[in-house]
Amino acid sequence: MSYSRISGTGSYLPEKVLTNQYMEQIVDTSDAWIRERTGIEERRMAAEGETTSDLAVNAALKALEAAGLQASDIDMVVVGTTTPDKVFPSTACIVQDKLGMRPGTIAFDLAAVCSGFMYGLSVADKFIRSGSVRRALVIGAETLTRLINWKDRGTCIIFGDGAGAVVLESSDEPGVYATHLHADGGHVELLHTPWGPSQGYENLIDDAGKAVMRGNEVFKVAVRRLGQAVEEVLESSGFTQSDVDWLIPHQANIRIIQATAKKLELPMDQVVVTVQKHGNTSAASVPLALDEAVRDGRVQRGQLLLLEAFGGGFTWGSALIRY
Ligand code: COA
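So, here's what we can say about the structure. (Residues numbered from 1 in each chain as written. Predicted model: local features only at pLDDT ≥ 70, side-chain atom pairs only at ≥ 80, totals over all residues. Heavy atoms only, no water.)

**As for the sheet that holds strand β6 (residues 135–143)**
Here is the rule we go by: The pairing criterion for strands is at least two bridges between them, as found by DSSP. For the purposes of this entry, the term helix denotes a DSSP run of H or I that reaches at least four residues, the term strand denotes a run of E that reaches at least two, and both are numbered from the N terminus. Working convention: axes come from line fits to C-alpha atoms, limited for helices to the stretch in contact. Angles between N-to-C directions cover 0 to 180 degrees. Pairs of residues are marked as contacts when any of their non-hydrogen atoms sit within 4.5 Å.
Taken in spatial order, the 5 strands of this open sheet run β1-β7-β6-β4-β5, and their pairing is mixed. At either end of the open sheet lies a strand with only one pairing partner, and these are β1 (3–12) and β5 (106–110). Taken pair by pair, the neighbouring strands of this sheet meet at an average axis angle of 20 degrees, ignoring direction. As judged from the 9 bridges shared by β6 and strand β7 (residues 161–171), these two strands associate in the antiparallel manner. Each bridged residue has a counterpart across the sheet, and for Arg135 the counterpart in β7 is Glu169. Each of β1, β6 and β7 is contacted by helix α3 (residues 52–67), which is oriented at about 125 degrees to β1, the strand it contacts most.

**As for the site of the ligand**
Note the threshold: Neighbouring residues are identified by heavy atoms, a residue being near a molecule or strand if any of them is within 4 Å of it. Polar contact is defined as a pair of N or O atoms within 3.5 Å, subject to the rule that within protein one atom must be able to donate a hydrogen and the other to accept it, and that residues adjacent in sequence are counted only when both atoms are side-chain atoms. Accessibility throughout is a Shrake-Rupley quantity obtained with a 1.4 Å probe, and a residue counts as covered only by protein chains that appear here.
Around the ligand, the surrounding shell holds 24 residues, and the nearest of these are Thr29, Arg37, Arg153, Asn216 and Asn253. Asn253 places a side-chain nitrogen or oxygen 2.6 Å from an oxygen atom of the ligand. Considering the ligand on its own, with 950 Å² of exposed area, one finds that the protein chains cover 72% of that surface. At the level of elements, α2 (31–38), α6 (153–156), α7 (215–237), α8 (254–263) and β12 (304–311) are the ones that each hand at least two residues to the shell around the ligand. The element that contributes the greatest number of residues to the shell around the ligand is α7, accounting for 4 residues.

**Some details on the nonpolar core**
Within soluble globular proteins, side chains that are nonpolar tend to cluster in buried spots. Defined as follows: The term nonpolar core refers to a set of buried residues drawn from Ala, Val, Leu, Ile, Met, Phe, Trp, Tyr and Cys, joined through side-chain atoms within 4.5 Å. A simple rule labels every residue: compare its accessible area, found with a 1.4 Å probe on the protein chains alone, to the largest value its type can have, and call it buried under 20%, exposed over 50%, or partly exposed in between.
Within the largest apolar cluster, 32 residues are counted, with the highest numbers of intra-cluster contacts made by Leu168, Ile248 and Leu307. Elements represented by at least two residues in this core include exactly β4 (76–80), α5 (116–129), β6, β7, β11 (246–249), α10 (285–295), β12 and β13 (315–322). For this core, the element with the most residues is α5, which contributes 6 residues. Beyond its immediate sequence surroundings of up to four residues, Ile248 is in contact with Val272, Val286, Ala289, Leu290, Val299, Leu305, Leu306, Leu307 and Glu308. Counting residues in each nonpolar core, the second largest holds 31 residues, with Met23, Ile254, Ile257 and Val273 among its members.

**Considerations on the sheet that holds β13**
Strand order in this open sheet of 4 strands is β8-β13-β12-β11, and the pairing throughout is mixed. Every interior strand has two partners, whereas the edge strands, β8 (176–183) and β11, have only one. Across this sheet, the average inter-strand angle for adjacent strands is 10 degrees, counted without regard to direction. Note that β12 and β13 share 8 bridges and pair antiparallel.

**Overview of unusual backbone geometry**
Each neighbour pair has its own omega, and for Phe88 with Pro89 the value is 0 degrees, a cis peptide bond. Mapped onto the fold, Pro89 is located in the loop between β4 and α4 (91–99). With an omega dihedral of -5 degrees, the bond running from Gly313 to Phe314 counts as a cis peptide bond. For Val113, which is not glycine, the phi dihedral falls at a positive 50 degrees. Structurally, Val113 is set in the loop between β5 and α5. Classification of Val113 by relative accessible area gives partly exposed; the value is 27%. Phi angles above zero are rare outside glycine, and Ser282 is one such case at about 55 degrees. In this fold, Ser282 is placed in the loop between α9 (275–278) and α10.

Below you can see the structure in the form of structure tokens.
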């Protein structure tokens, strides 16, 4: 039996910090409201000219270093992103070139919004288990602030920029036990950009290319679906809640995270929470949280990790991993 296992993690946050106090200056909100309703204290913003591939490369280099590998050792790169550098080619192709990976290796983007990393992890796991590739880079990278309408207090306080990456390698030992992916395209209007390129640039009016969200309705679906996702991945791999060492959730909102932890009957000191530092970085959020907990020593080799994410689509997914 062949598995994939995480041999290295990395992450990157742009330097520029947008605090809640800054948000108070641009929209009708307050630090207290944002903290209470979301848990967010600050978010990051990519510098002018800094693109998603730049963030992705920074995170990938750290993951490669942690794995003790060079870019030339990697057979495949998958980038989960909703904010690609260009409509085409894929950000993964740009990352492949910037990293100096071997020409001819596999490179593609995955569009699953905030679940992009979970989708990428699941796909890369299957490529490795089938023997198609030995080593893959799975990256979640976003410059979500580029899609923000800075007059909309319901979204501008939530989202931020960042990237996280893991190196997945073929292994005889687990590894990734199970991944589960889902989507339900029946609620597109709850979280979307009303305009996209296929509607024609001549029809791009005002802020139609920016993100809009019916946050309260998204919240309810997210709590329900994530509860199902964590139960499903435990059941399918033969583990129970008490086996889990760490929940590494999508960092969207502290109240959604708390609801999932409650469902798992897991105390919050076994939940990795980083949302306060960078807000919702979409596809980057799970690998960002994982990397932080690995580097500060909370997550140790041999521990059982439950990862989950939920995002626009809607899409959602979970993974159970022996680190
Ligand atoms: N500051 C102050 N008030 C705000 C605000 C802000 N930044 N944003 C919204 N409000 C107001 C609303 O206008 C509304 O006012 P009203 O009652 O006068 O109409 C009130 O707060 C309640 O709005 P509601 O949307 O019900 O708040 P909420 O408790 O659901 O919190 C979110 C809003 C966005 C924080 C919350 O719904 C959320 O986090 N949703 C999930 C978002 C998410 O995770 N998205 C990504 C999924 S991957």
